[in-house]
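Here is what each chain is made of, one letter per residue.
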Amino acid sequence: MIELRQLNKSYSVHNREFHALKNINLHIERGEIYGVLGKSGAGKSTLLRSVNLLERPNSGQVWVNGVDLTTLSLAQLREHRHKIGVIFQHYNLLDSRSVFGNIALPLEITGRPEPEIQRKVTELLELVGLSDKRHHFPAQLSGGQKQRVGIARALATDPHLLLCDEATSSLDSESTTAVLHLLKKINRELSLTVLLITHELDVVKKICDRVGIIDHGQLVEENATVTIFSNPQTKVTQQLIQQALHFYVPDQNDKDSLVLKLTFIGKDSDEPIISSLVKKFNVNFNLRQALIEKVQDTTVGFTICALTGEASALEQALAYIRSTSIKAEILHV
Amino acid sequence: MYKLELALLLKATWETIYIVYVASLISVIFGSLIGTLLFLTREKQAFENRWLHHGLGLLVNVTRSIPFIILMISIIPLTRLLVGTTIGSNAAIVPLALAAIPFYARICENAFAEIPAGLIETAHSLGVTTPQFIFKILIPESLPALIRGLTLTVIALIGYSAMAGTVGGGGLGELAINYGYQRFDAIVTLETVLVLIFIVQLVQFAGDFLAKRRKLKPLVVTGLILGLLSLGSQIDAHFSSQNDELKIGITAGWSEEVMKTAQKIAAEQYQLKLKIITFNDYVQPNTALANGNIDGNIFQHLPYLEAQNKARGYRLAPIAKTFVYPMGFYSRKISRLAELKAGALIALPNDPSNEGRSLLLLQKAGLISLQPKAGTLATLKDITENPQHFQFKLLDAAQLPRVLNDADLVALTNDYIGAAGFKTNQAVVREGADSLYANIIVVREKDKDNPLFKKLVAVMHSKAVVAKTESLFPQGGAIQAWH
Ligand SMILES: Nc1ncnc2c1ncn2[C@@H]1O[C@H](COP(=O)(O)OP(=O)(O)OP(=O)(O)O)[C@@H](O)[C@H]1O
Ligand SMILES: [Mg+2]
């Protein structure tokens, strides 16, 4: 569906080159929700804007639906943009138009006849649950409602690809959940491909099938969402997850203990591993933190505990854990 | 003193509305074109072009920095080219529009620039064409700012129109200058200022209202209504001189007496209503006539009219002569021309117009010859033959009566004959009915054949008016020039 090949983008600011994107290679399947995660300034927005060529890359190719957009004329590009919906963090609705008018805009631009516009907008209002706000103006809507108008507008021309730049970053958690639900729903019902950009792990956790981590303009890691959560490979990803989940950090109390972070995936979390450790190896156990995260439909559990006891006993216990499917990470010895 | 009539105030108000409306319309059309181009040639916009952007920006800035009064004067040739005259409402519109176009262009550009970058990006992500971008995004989104800017422009134009009025552009400004300032009539000035304040308030109110509505439709409707109104004012102006009423400009003094008689005759015998407008100088009666504030004037002679037409671009034409108020040469030393000795001293007025007039009279009497080309503006230098070696002395007209004891021959205009103790028929030499300097009835060229003015001519040539004039200027002081 989307394939970015060797994408490079640099800005020159005060005559100094700044590499915002470095050799990005990315492949997104049809019907997938792909999340791009990264710190502020990592290059997420730049990446997203490259996909519909709002930002022209210095080099590389942008294949969308089998066409390399970088080779198109402006007129051809306009045609393709009609098939790529975009949702923005700040909604970017036209103040001069009502809810109806905003959603109708892309249809007007593509020259649809009036009855079709009426029908289509009514349908979309239904879909995003704003039928009663048809004649309201953006100034009269809440943030979540505005974003739903934004989504309806992005869907108006039946796009095959939806780009979301921090679509929920300005919303409270309730509206965020509602908007994410909506995205998931349209992804399923309209089999829409979604490229979603965020700095919030929560968003990724809830709806993304796969995640790419971008750092300093480079795509440093890419995997299924569960795997990213349970088994992050790079320092950057680990940090991101650490920050998002507020993992316990060993301190004075853990002077003489072995601090472990155990990660359970799916059914693993049901196993009574800790009680068996205590029984089998004669070690003392102090729970420091326990978290259960629902990533898409899979449960990922994190337990951070401090074990004390004989050195050999501790070693045996560790070996035992490693023999199971549970992932153990030593935070402190 | 002349009292301002409501009709005159209304007419001036209409004129102002007409001038401001048309100038605003032109400024909006061209201003938004240039403003849009200025915006679209900016960095990252559809027609990004640094040279065009900066070139256009410079042009706009230059035009904007020229003071209006200088702009108005310096584009006189352009104005004449476009509307064929440099006075009157239509001529005022040209400099007004030219001043307001760059003003509104900047307002548009700034209004467009206020649109959040995100919105512009959104538009492009939707795949808009440039016309769609302009008409679906740029204009609707900046409409309140555009309307507020338009309000600002219209109000500035009202102010400028008053300035244009002072140089013959018509409207309230001219009224204030002609009838208020020139004649120290504080009431007139106050009235025009009040009307101007009222109009400005109205525009501001309408602008605020429309800006709040954010809709194009009420704006267009308002524009159309105003358009019809101002068109109405033009039609009104067109028909007002078709009424059986004429406004006649004269200068203060004895003419007022004569015109009282004329008014009576006109009303009684010709069913014609004459309104007499009195001026205190020799410039305003022509200005007022040229831009339609009056319908005719009776105060000048042909050489003066021709000079004014030439200098100011008026299109005024004489339709009939009235009286010659003859200039003559008077003397306390001789009583007949034959007595004049060779080498005699002749005193002449020193203003160019009367100097020429007196020299022409000497030539007519056969005393000297003049360069034929010199015409009515002949000076002493144009004397080609002076066989009797007369000496000439140029003096201020008011000083001439005092040199009667020293000079052999002194040229006196009508105003000074009495003061010098003479009667007109005592002149040694004087102008006759065929004088070039007969007073004339002057109208706008296009009204030349209007039958109403035929009536006016008849009134001015009527027995009663003649009798009245001759009673004021006895013993040949006023000679009928139309026979
Ligand atoms: N037009 C530009 N000119 C110069 N530098 C730019 C421009 N746009 C972006 N950058 C730089 O590129 C880098 C990536 O910007 P980008 O907007 O993609 O970050 P981001 O990952 O979306 O951050 P955030 O989460 O804060 O939105 C930043 O360091 C930014 O300063
Ligand atoms: Mg961003």
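The rules behind these values
Residues numbered from 1 in each chain as written. Chains lettered and ligands numbered in written order. Predicted model: local features only at pLDDT ≥ 70, side-chain atom pairs only at ≥ 80, totals over all residues. Heavy atoms only, no water. Pairing = 2+ DSSP bridges. Helix = DSSP H or I, 4+ residues; strand = E, 2+ residues; numbered from the N terminus. Contact = heavy atoms within 4.5 Å. Axes fitted to C-alpha atoms, helices over the stretch in contact; angles between N-to-C directions. Domains from an automatic or database assignment. Buried area = accessible area lost by both parts, 1.4 Å probe. Salt bridge = Lys/Arg side-chain N within 4 Å of Asp/Glu carboxyl O. Polar contact = N/O pair within 3.5 Å; in protein donor to acceptor, adjacent residues only side chain to side chain. Nonpolar A, V, L, I, M, F, W, Y, C, P; charged D, E, K, R; others polar. Buried < 20%, exposed > 50% of the residue type's maximum accessible area, 1.4 Å probe, protein only.

**Looking at the sheet that holds strand E10 (residues 391-395) of chain B**
Residues and elements named next belong to chain B. Spatially, E10-E7-E11-E6-E12 is the arrangement adopted by the five strands of the open sheet, whose pairing is mixed. Strand pairing shows two members of the sheet lacking a second neighbour, E10 and strand E12 (429-430), which therefore form its edges. Sheet strands in contact with helix H14 (residues 352-364) are strand E6 (328-330), strand E7 (345-349), E10, strand E11 (409-412) and E12, and its direction is about 140° off that of E7.

**Comments concerning the domain arrangement of chain A**
Think of interface size as the accessible area that goes away when the parts come together; that is how it is often given. Residue and element names in this part refer to chain A. Considered domain by domain, chain A is made up of domain 1 (2-234) and domain 2 (246-332). A separation of 39 Å is found between the C-alpha centroids of domain 1 and domain 2. Across the contact, twelve residues belong to domain 1 and ten residues belong to domain 2. Taken together, both faces of the contact between domain 1 and domain 2 bury some 830 Å²; the carbon and sulfur share is 57%. Looking only at domain 1, the three residues that lose the most surface to domain 2 are Lys205, Val226 and Ser230, adding up to 62% of its buried area. For the pair domain 1 and domain 2, the interface holds one salt bridge. Between Glu293 and Lys205 there is a salt bridge, with the nearest N and O atoms lying 2.7 Å from each other. Along the contact surface separating domain 1 from domain 2 lie seven residue pairs in polar contact (both at pLDDT 80 or more). Of all the secondary-structure elements, those providing two or more residues to the side of domain 1 that touches domain 2 are helix H7 (201-207) and helix H8 (225-230). Broken down by element, the side of domain 1 that touches domain 2 gets its largest block of residues, four residues, from H8. Broken down by class, the residue content of the side of domain 1 that touches domain 2 amounts to five nonpolar, three polar and four charged.

**Here's the deal with helix H13 (residues 302-312) of chain B**
All names here are of chain B. Within the span of H13, buried status applies to Pro303, Leu305, Gln308 and Asn309. The inward-facing, buried residues of H13 abut helix H12 (284-290), strand E3 (296-301), strand E4 (316-321) and strand E13 (439-444). Gly313 sits one or two residues past H13 and shows a positive phi near 75°.

**Observations concerning the interface of chain B and chain A**
Taken together, the contact between chain B and chain A spans 16 residues of the former and 20 residues of the latter. Roughly 1700 Å² of surface becomes buried between chain B and chain A when both sides are summed, with 58% attributable to carbon and sulfur atoms. Among the residues chain B hides against chain A, the three largest losses belong to Ser125, Leu126 and Lys136 of chain B. Together they make up 33% of the total. Taken together, the links from chain B to chain A amount to two salt bridges. At the level of elements, helix H6 (117-125) and helix H7 (130-169) of chain B are the ones that each hand at least two residues to the side of chain B that touches chain A. With six residues, H6 of chain B is the largest single contributor of residues to the side of chain B that touches chain A. In terms of residue class, the side of chain B that touches chain A is built from five nonpolar, seven polar and four charged.

**Things to note about the domain arrangement of chain B**
Partitioning chain B into structural domains gives domain 1 (2-240), domain 2 (246-325 + 437-474) and domain 3 (328-430). Computed from C-alpha atoms alone, the centre-to-centre distance between domain 1 of chain B and domain 3 of chain B is 56 Å.

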